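Structure at a glance
Each chain is listed here by its residues.
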Amino acid sequence: MAQVKRIRRNVSGIILLDKPKGFSSNAALQKVRWLLNAEKAGHTGSLDPLATGVLPLCFGEATKFSQYLLDADKGYETVMQMGVTTTTADAEGEVIERRDVTVGRADIEALLPRFRGEISQIPPMYSALKRDGQPLYKLARAGEVVEREARSVTIARLELLACEGEQARLSVACSKGTYIRTLVEDLGQALGCGAHVAELRRTQAGPFSLAQTVSLEELEQVHAEGGNEAVDRFLLPSDSGLEHWPKVQFSEHSAFYWLHGQPVRAPEAPKFGMVRVYDHTARFIGIGEVSDDARIAPRRLIRSE
């Protein structure tokens, strides 16, 4: 008997998932996509399976703006397990070395200023970065170690929340591309006892916080009670991740030409940078960039939602 192809729905928006532990970001995305029965989906940067917390999932037209959430600053809370180093710099790796822990709260507090501001990090082998088309974690699993270039990242906030025994809880606000595992590993090395990430929770992703998230269990319950359409109530508008950008509203005439790919002028537009654009009915129609001649060039257009 021929299998009936599932017809997916054309839905657009962002669901802020509190990613559960043990799920890869893609596995979490595919699960929520199935619950929505959404045609098009994408996430905004990977969280390790060990990690939980804020994971914006984009659907339909919102996928066109996922890159800007990927580039956004992030916030985390992490538990640093001192005295033990692992192959992956987190609790999922194999233990490499154990050392006595002779440091305490005062030692950690004294060290933290060295890791605030702009710092240099070498990405871990167990990461999704690619070398010759292969993710580094696949090379690492095969026992191969390759040279990685150091990269500059910014740690805007690094605070010690608690310290008990051989564990310390830290709060971190950082730029995109920051590896918390590497940060904790480097802290452990500087303390002289080694360390790895025992727990990791993302508390912020761009403009989004934990308070706005929904759990996978709640999504599954709503789906069980009302089907795909019931899950739609958790969809935020496609422009919700861009609300910190300047807003420009076009006249009906200008919106028509802009949606056909032509740069246009708009009153009260900023002199430079990216803007979110709305038509005369206040409908979000895409994003644009202010050019040297003060016109707004279209960069991403969306279909009517």
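What this report covers is the structure whose coordinates are included nearby. These figures come from a predicted structure and were not determined experimentally. Within every chain, residues take consecutive numbers counted from 1 along the sequence as written. Reporting in this predicted model follows two pLDDT cut-offs: at least 70 for local features of residues, and 80 or more for side-chain atom pairs to be given and counted; totals over whole chains, interfaces and linings ignore these cut-offs and use all residues. Just so you know, side-chain values use all the structure's heavy atoms and leave hydrogens and water out.

**Brief notes about unusual backbone geometry**
- In this structure, Ala89 takes a positive phi of about 65 degrees despite not being glycine.
- Under the scheme applied here, a residue whose accessible area is under 20% of the maximum for its type counts as buried, over 50% as exposed, and between as partly exposed, the area being computed with a 1.4 Å probe on protein chains only. Judged by relative accessible area, Ala89 falls into the buried class, the value being 3%.
- Its identity as a non-glycine residue notwithstanding, Ala282 has a phi of 75 degrees, on the positive side.
- A run of H or I in DSSP becomes a helix once it reaches four residues, and a run of E becomes a strand once it reaches two; helices and strands are each numbered from the N terminus. Note on placement: Ala282 falls in the loop between strand S16 (273–278) and strand S17 (284–290).

**Section: the environment of Lys64**
- With respect to the element layout, Lys64 can be found in the loop between strand S3 (52–59) and helix H2 (66–70).
- Taking the relative accessible area as the measure of exposure, Lys64 reaches 25% and is therefore partly exposed.
- C-alpha of Lys64 to C-alpha of Ser238: the two residues are 174 residues apart in sequence and 9.0 Å apart in space.
- Contact criterion: two residues are considered in contact whenever any of their non-hydrogen atoms come within 4.5 Å of each other. Among residues more than four places away in sequence, those in contact with Lys64 are Arg300, Leu301, Ile302 and Arg303.
- Looking at Lys64, its side chain comes within polar contact range of the main-chain oxygen of Leu301, at 2.8 Å. Polar contact criterion, stated in full: a pair of N or O atoms within 3.5 Å, where within protein one must be able to donate a hydrogen and the other to accept it, and residues adjacent in sequence count only if both atoms are side-chain atoms.

**A look at the environment of Pro124**
- Residue position: Pro124 is located in the loop between strand S7 (117–121) and strand S8 (130–131).
- The exposure class of Pro124 is buried, given its relative accessible area of 10%.
- Sequence separation between Pro124 and Thr88 is 36 residues; the distance between their C-alpha atoms is 7.6 Å.

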